[in-house]
Amino acid sequence: MDSGKLALKLKIGWWAIYVVAGIAALLFETGRIPKGTVTEASAVYILQVVGVMSSLLMIPVALRGFKKMMERMEDKPFGKRLRIYMACSWIRLFAFFLVIVFSVLLYYLISDDIGLYCAVIGVICSIFCYPTRNTLEYEVDWEEE
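From a predicted model like this one, the values you see are computed outputs, not experimental measurements.

Colleague: In this structure, what is going on with the packing of aromatic side chains? I would like to understand it.
Modeller: Geometry of an aromatic ring pair is reported as the spacing of the ring centres plus the angle between the planes. Inspection of the entire model under this criterion finds 10 aromatic pairs. Ring geometry for Phe28 against Tyr108: centres 4.8 Å apart, planes inclined by 5°, an arrangement best described as stacked. On the criterion of sequence distance, the pair formed by Phe28 in helix α1 (residues 3–29) and Tyr108 in helix α3 (residues 78–110) is long-range, its members being 80 residues apart. The exposure classification of Phe28 matches that of Tyr108, with both residues buried. Following the ring pairs from residue to residue traces out a cluster consisting of Trp14, Trp15, Tyr18 and Tyr130.

Colleague: So what exactly am I meant to see when it comes to the state of the cysteines here?
Modeller: Structurally, a disulfide amounts to a covalent bond that connects the sulfur atoms of two cysteines. Applying the stated criterion across every chain yields a total of 0 disulfides. Free of any disulfide, Cys88 has its nearest neighbouring cysteine sulfur in Cys129, separated by 12 Å. With no disulfide of its own, Cys118 lies closest to Cys125 among cysteine sulfurs, the gap being 11 Å. Classification of Cys118 by relative accessible area gives buried; the value is 5%.

Calculation rules
Residues numbered from 1 in each chain as written. Predicted model: local features only at pLDDT ≥ 70, side-chain atom pairs only at ≥ 80, totals over all residues. Heavy atoms only, no water. Phe/Tyr/Trp six-rings, centres within 6.5 Å; stacked < 30°, edge-to-face > 60°. Helix = DSSP H or I, 4+ residues; strand = E, 2+ residues; numbered from the N terminus. Buried < 20%, exposed > 50% of the residue type's maximum accessible area, 1.4 Å probe, protein only. Disulfide = S-S within 2.5 Å.

Structural data, given as structure tokens:
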């Protein structure tokens, strides 16, 4: 196993979040999908609550939960640590995907800045989780087999 290839796969997943969010924004900005389609007050409120709660729940889990999981794996064999690291990394990327893409959609669907704020928070937090070869090797305590 090469740590560079594994890190590249995670980088592709990380960048895919922004590509999908960018495509969604582009579709709204070009008029392919109409902006502000959700106008009913109760639906807007529910979407705002879901957007904020998803940010408040998923971001700490993605950051702190990942760190806790890796701390518990220190005494496991290398192969198991690596499998758990990759699984947790993909779960963390998926959590950021949900927060960022849902927030972008929320911003355009209800025409309210709350979605933009949640998306920016998700982006800032995901920057701290950018996967590199060095971080992968450090967090897994890489050993060549």
